[in-house]
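# Secondary and tertiary structure notes
Take a look at the letters that make up each chain.
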Amino acid sequence: MDAAGLSVSDYSNASNAPSQTLVPMLVASFSASLQGLDAEAALKYLVLLSGKGKFVKEQVQRLLLETRQFEILAGKLASDGSRSNAALDSYFSKSHVSSILADGANVAIQSGKPADAAELLVLSGHFGALFTLMNRELAAYLVASTQEEFTKRQFWFSAASQFHAIHLAHGKMYVQNALESEGRMSLGNTFQLLMNLVVFFDRCRENQWEGAWVLMDNLNLLPKADSEMTVKVEAFFQLDNCVKQIFHHVVLAAMEALCHLFRSLRQDGAGVSIQQQNTIDQRLDELRTHARLLVTFSRLLNLPGLGDGDTYVRIAQLEKNMM
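Every value quoted in this text rests on a predicted model; they were computed, and no experiment measured them. Starting afresh in each chain, residues are numbered from 1 along the sequence in its written order. Totals for whole chains, interfaces and linings use every residue, but because this is a predicted model, local features are given only for residues with pLDDT of at least 70 and side-chain atom pairs only at 80 or more, for both listing and counting. With hydrogens and water set aside, each side-chain value is computed from the structure's full complement of heavy atoms.

### Some details on the environment of glutamine 59
- Helix numbers and strand numbers start at the N terminus; a helix is a DSSP run of H or I with at least 4 residues, a strand a run of E with at least 2. With respect to the helices and strands, the residue glutamine 59 is situated in helix H3 (residues 53-67).
- Residue classification places glutamine 59 among the buried residues on the basis of a relative accessible area of 6%.
- Note: C-alpha distance between glutamine 59 and valine 47 (12 residues apart in sequence) is 9.7 Å.
- Polar contacts, as used here, are pairs of N or O atoms within 3.5 Å; protein pairs need one atom able to donate a hydrogen and one able to accept it. Residues neighboring in sequence count only if both atoms are side-chain atoms. At 2.8 Å, the side chain of glutamine 59 forms a polar contact with the side chain of arginine 62. Buried means the residue's accessible area, taken with a 1.4 Å probe over protein chains only, is under 20% of the maximum for its type, while exposed means over 50%, and partly exposed covers the values in between.

### A short note on the pattern of salt bridges
- In what follows, salt bridge is the name for a side-chain nitrogen of Lys or Arg lying within 4 Å of a carboxyl oxygen of Asp or Glu. Taken as a whole, this structure holds 16 salt bridges when the rule is applied.
- For arginine 136, the salt bridge is made with glutamate 137, and the minimal N-O distance between the two is 2.9 Å.
- Take glutamate 137: its relative accessible area is 8%, and that puts it in the buried class.
- Between arginine 205 and aspartate 202 there is a salt bridge whose closest N-O contact spans 3.0 Å.

### Let's talk about the packing of helix H7 (residues 127-140) against helix H10 (residues 185-205)
- To define axes, lines are fitted to C-alpha atoms, for helices over the stretch in contact only, and angles between the resulting N-to-C directions are given on a 0 to 180 degree scale. Viewed as axis vectors pointing N to C, H7 and H10 meet at an angle of 25 degrees, and their least axial separation amounts to 9 Å. By the criterion of interaxial angle, the relationship of H7 to H10 is roughly parallel. Crossing of H7 against H10: the hand is left-handed. Contacts from Gly128, Phe131, Thr132, Met134, Asn135, Leu138 and Ala139 in H7 reach Leu187, Gly188, Thr190, Phe191, Leu194, Met195 and Val198 in H10. Roughly parallel covers angles under 35 degrees, roughly antiparallel covers those over 145, roughly perpendicular covers 65 to 115, and oblique covers all other angles. Here a crossing is called left-handed whenever its near helix is offset anticlockwise from the far helix by less than a right angle, and right-handed whenever the offset is clockwise. Residue contacts are counted whenever heavy atoms from the two residues lie within 4.5 Å of one another.

### Here we look at the packing of helix H2 (residues 39-46) against H3
- Running from amino to carboxyl end, H2 crosses H3 at an angle of 170 degrees, the nearest separation of the two axes being 10 Å. Put simply, H2 runs roughly antiparallel to H3. Across from Ala39, Ala42, Leu43 and Leu46 in H2, the residues of H3 making contact are Val56, Gln59, Val60, Arg62, Leu63 and Thr67.
- In this classification, Asp, Glu, Lys and Arg are treated as charged, Ala, Val, Leu, Ile, Met, Phe, Trp, Tyr, Cys and Pro as nonpolar, and every other residue, Gly included, as polar. Looking at the contact of H2 with H3 residue by residue, the classes come out as 7 nonpolar, 2 polar and 1 charged.

### Observations concerning the packing of aromatic side chains
- Pairing of aromatic rings covers Phe, Tyr and Trp, the last through its six-membered ring, and needs centres within 6.5 Å; plane angles under 30 degrees mean stacked, over 60 mean edge-to-face, and all others mean tilted. Counting across every chain of the model gives 9 aromatic pairs.
- Ring geometry for phenylalanine 131 and phenylalanine 191: centres 5.0 Å apart, planes at 80 degrees, overall edge-to-face. Within this pair, whereas phenylalanine 131 is found in helix H7, its partner phenylalanine 191 is found in helix H10, the two being separated by 60 residues in sequence.
- Seen in terms of ring centroids, phenylalanine 155 and tryptophan 156 are 5.2 Å apart; in terms of plane orientation they differ by 85 degrees. Their pairing is edge-to-face.
- Among the aromatic residues, those joined into a ring-pair cluster are Phe127, Phe131, Phe163, Tyr174 and Phe191.

### Some details on helix H11 (residues 209-219)
- Burial in H11 covers these residues: Trp209, Ala212, Trp213, Leu215, Met216 and Leu219. The buried residues of H11 occupy an angular sector of 160 degrees when the element is viewed end-on, so they sit on one face.
- Once H11 finishes, asparagine 220 follows within two positions and takes phi at roughly 60 degrees, a positive value. Working note: the arc is built from the helix axis to C-beta atom directions.

### A look at empty space enclosed by the protein
- Think of a 1 Å grid over just the protein atoms. A cavity is a set of points where a 1.4 Å probe fits yet cannot get out, a pocket is an open set with protein on both sides within 12 Å along at least five of seven lines, and lining residues have an atom within 4 Å of a point. Grid points are joined across faces, edges and corners, and a volume is the space filled by probe spheres set on the points. Taken as a whole, this structure holds 1 cavity of 30 Å³ or more when the rule is applied.
- Considering only enclosed or pocket space, the largest cavity measures out at about 60 Å³ in volume.
- What lines the largest cavity is simply Trp213, Met216, Asp217, Asn220, Leu221, Leu222, Pro223, Lys224, His290, Leu293 and Leu294.
- The class makeup of the residues in the lining of the largest cavity is 7 nonpolar, 2 polar and 2 charged.

### Notes on the layout of surface pockets
- Taken as a whole, the largest pocket encloses approximately 560 Å³ of empty space.
- The set of elements that each furnish at least two residues to the lining of the largest pocket consists of helix H4 (70-74), helix H6 (114-124), H7 and helix H8 (147-167).
- It is H8 that contributes the most residues to the lining of the largest pocket, 8 residues altogether.
- Tallied by class, the residues present in the lining of the largest pocket amount to 14 nonpolar, 3 polar and 4 charged.
- The wall of the second largest pocket is formed by 14 residues, among which His164, Leu168, Gly188, Phe191 and Gln192 lie closest to the centre.
- Elements represented by at least two residues in the lining of the second largest pocket include exactly helix H9 (174-182) and H10.
- Examining the composition of the lining of the second largest pocket, we find that 6 residues originate from one element, H10, more than from any other.
- A class-by-class count of the residues in the lining of the second largest pocket yields 8 nonpolar, 5 polar and 1 charged.

### Comments concerning the environment of glycine 125
- Considering the arrangement of structural elements, one finds glycine 125 in the loop between H6 and H7.
- For the pair glycine 125 and valine 175, spaced 50 residues apart in sequence, the C-alpha to C-alpha distance is 8.3 Å.

### Comments concerning H7
- Here, expected helix span is obtained from the residue count minus one, scaled by 1.5 Å. Taking 1.5 Å of rise per residue, 14 residues should cover 20 Å, and H7 covers 20 Å from first to last C-alpha, within 8% of that figure.
- With respect to burial, H7 is a largely interior element, 10 of its 14 residues being buried.
- Three or more residues of H7 are buried, namely Phe127, Gly128, Leu130, Phe131, Leu133, Met134, Asn135, Glu137, Leu138 and Ala139.
- Contacts from the buried residues of H7 go to helix H5 (94-110), H6, H8, H9, H10 and helix H13 (241-244).

Put into structure tokens, the structure is as follows:
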């Protein structure tokens, strides 16, 4: 009985249980015994209980999550964003199937199965909830410190890249239209930002400091002049919370990139011509200016600490190394 999410205690007073309670439990238990061999057959037994709305919905969600036969039971998305018919569509309306899938995704999240939740949200067409999930996971593992975290980081970046290639590239608009109808277009902007930040941290990890800084500069998150300081501070407070919570890592990595560029450029300046030295000196001054602005910016943001020291103190110390 446990296979159907039913405990033995449910039957301890079977003689006193009304048939409307006992029969659904028996049917659900029999369905669960079939699901390992034939998910569609298991579903057929569950829909015999069509009058037990909530109970049936919960059992169908259990069937989805335990078998993971998402395509057989729920279909797949076509190139226009519509979901193909599958086993569930033989018994429920399109809107009902979408509701089952979305609620099943919530159960998966609560059960610690975010990857399954993402697949169900794609099929349900609830793209706002999907972006919220992907953004949260991308931000959570943006700075990985263990092999397990790095594996999860790779998984979510790969999943997000695949989603982008399939559902967002080549002028496809159904995801954007869905977000717009939900009034949640900002989720797409956050998704794009986080994907770029993953690449930024990858470049830092691989010591590609020039490429890392160019990308950070293009993201337009940091002030490039004193006149931009107020605007950039205000823009920071408009970011999604999942980005704000990890922004201290972004600022610190940006400063580290500046320090590495400064050190490398100063070393390259030995023995060059006066004209070349003037060009190098000009670039060094530009890097110092970026560093000074970054120190002021981080102080105004009141960023959290990084475990072994305050973010602002660490950034300020890196700037001193560029004097």
